[in-house]
Amino acid sequence: MRHGVAKNGSTLYPAMPYTSYAKVRPADVKALYAYFMGGVQPVAQANKATDIPWPMSMRWPLSIWRKMFAPAVVADAASTDNDPISRGRYLVEGLGHCSACHTPRGVALQEKALTDDSTAFLSGGVVDNFLAKNLRGDATDGLGNWSEGDITAFLKGGRNDHSAAFGGMSDVVQHSTQYMNDDDLTAVAKYLKTLKPVDPNAKALAYDETAAKALRAGSDKSNGALTFIDNCAACHRSTGKGYTQTFPTLALSSTVNSADPTSLIHIVLRGAEMPSTKSAPTHYAMPGFDDRLTDQDVADVLTFVRSSWGNKAPAVTTAQVAKVRKDVGAAPQPQR
């Protein structure tokens, strides 16, 4: 778990996040072992056969990768339970392994940072054709405008006034973070709020009602605006503000304003569904539009969204849409 070495001595693929678990204290690993052996009922389930093709199936190069990029494992230390920020750092860097998705990766698929010594840490990364967003203090695409309460609500219920969980994060909330106790969720939130922004000079966005007025008046005849009215406005409204914790806001959204539009393209093409949690059991869903909208339509409507209501994100191109359409196995674009 902490060294990335299997029982037979071979190196594990870093899909097993041992680079994060290296920071888990031995006492906690022993507690996990005791729980798995005594608190989880055994089942008869054969392992799946390995389907990684050669030469990627060779294990010996992974030992080189491990020596180059895996950090030294930690020793037992004094408890951090009385210091919420230290406790939050321990959970985020170790057991939570948030960096495995939310930190960009280098040419060898290593995380570019494993601690908050670098602003690359938790600055966002693409996983399974979704952008795992920036968790640092940036006002436009990070958590700069989220309060501690916003973060804990999101981790507990999968939604808050700013956003809703989708993609892999939906699974994380449904199967993991909703079961964390309030003290640990608060510790995670307090720690994340200490992370400095990647761009400290970026100005906070302000709402602009120009687009909302144009949509209501019918004066914007662009394909992006018309596609939005026909397919999006019923839920996300002409104001772009959606309905609180039901249909997420698009105006000033950190997801909408991320430089990388991968998540937005993916959601428009294939749809998305909120997790169902104890505190928020209703899981609203958005349908996919892959068989209804062309690549040009998707590019135009997302460019419209990313430049309306005060949003200031780069335009989306048809080439970007075509790539995501192919990568996520969406339906071929409709012929017009």
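With an unreviewed UniProt entry as reference, the protein is termed C-type cytochrome, source organism Pandoraea fibrosis. Within the UniProt record for the protein, the comment given under Subcellular location (unreviewed entry) is "Cell membrane".

Participant: Quick question: what am I supposed to make of the nonpolar core here?
Facilitator: One recurring pattern in soluble globular proteins is that nonpolar side chains are buried together. Grouped together as the largest cluster of nonpolar side chains are 28 residues, with contacts concentrated most on Phe228, Ile265, Val298, Leu302, Phe304, Val305 and Trp309. Those elements that provide at least two residues to this core are α9 (210-217), α10 (223-231), α12 (262-270), α13 (295-305) and α14 (318-327). At six residues, α13 tops the list of elements feeding residues into this core. Once residues lying within four places of it in the same chain are set aside, the contact partners of Phe304 are Leu215, Asp220, Gly224, Ala225, Phe228 and Trp309. Val92, Phe121, Phe154 and Val188 belong to the second-largest nonpolar core, a separate cluster that totals 20 residues.

Participant: What is the right way to look at the side chain of Thr249 in this model?
Facilitator: Checked against the element boundaries, Thr249 lands in the loop between α11 (233-236) and α12. Among the residues examined, Thr249 registers a relative accessible area of 15% and is labelled buried. Reaching out from Thr249, the side chain makes a polar contact with the backbone oxygen of Gly240 at a distance of 3.2 Å. A polar contact is formed between the side chain of Thr249 and the backbone nitrogen of Ala251, at a distance of 3.3 Å.

Participant: Is there a simple way to explain the state of the cysteines in this structure?
Facilitator: Working definition: the covalent bond between the sulfur atoms of two cysteines is a disulfide. Summed over the entire model, instances satisfying the criterion amount to zero disulfides. With no disulfide of its own, Cys98 lies 8.8 Å from the sulfur of Cys101, the closest cysteine sulfur. Judged by relative accessible area, which is 23%, Cys98 ranks as partly exposed.

Participant: What should I look at first to understand α12 in this one?
Facilitator: At 3.6 residues per turn, the α-helix brings residues three or four places apart onto the same side. Most of α12 is tucked away: eight of the nine residues are buried. Looking at the buried residues of α12, the elements they touch are β1 (125-127), β2 (130-132), β3 (272-273), β4 (285-286), α13 and α14.

Reading the values: rules and limits
- Along each chain, numbering runs from 1 in the same order as the chain's sequence is written.
- Side-chain atom pairs in this predicted model are given and counted only at pLDDT of 80 or more, local residue features only at pLDDT of at least 70, and totals for whole chains, interfaces and linings cover all residues.
- Remark: hydrogens and water are excluded; side-chain values derive from all non-hydrogen atoms of the structure.
- UniProt positions are given in the numbering used here, feature names are shortened, and annotations may be inferred rather than shown by experiment.
- Joining through side-chain atoms within 4.5 Å is the link that ties buried Ala, Val, Leu, Ile, Met, Phe, Trp, Tyr and Cys residues into a set, and such a set is a nonpolar core.
- Per-residue accessibility, obtained with a 1.4 Å probe over protein chains only, is compared with the maximum for each type, and a residue is labelled buried under 20%, exposed over 50%, and partly exposed between these values.
- Secondary structure is summarised from DSSP: a helix means a run of H or I of at least four residues, a strand means a run of E of at least two, and numbering begins at the N terminus for each.
- The contact criterion used throughout is that any non-hydrogen atoms of two residues lie within 4.5 Å.
- Under the rule applied, a polar contact is a pair of N or O atoms within 3.5 Å (in protein, one hydrogen donor and one hydrogen acceptor; residues adjacent in sequence only if both atoms are side-chain atoms).
- Disulfides are defined in this document as cysteine sulfur pairs within 2.5 Å.

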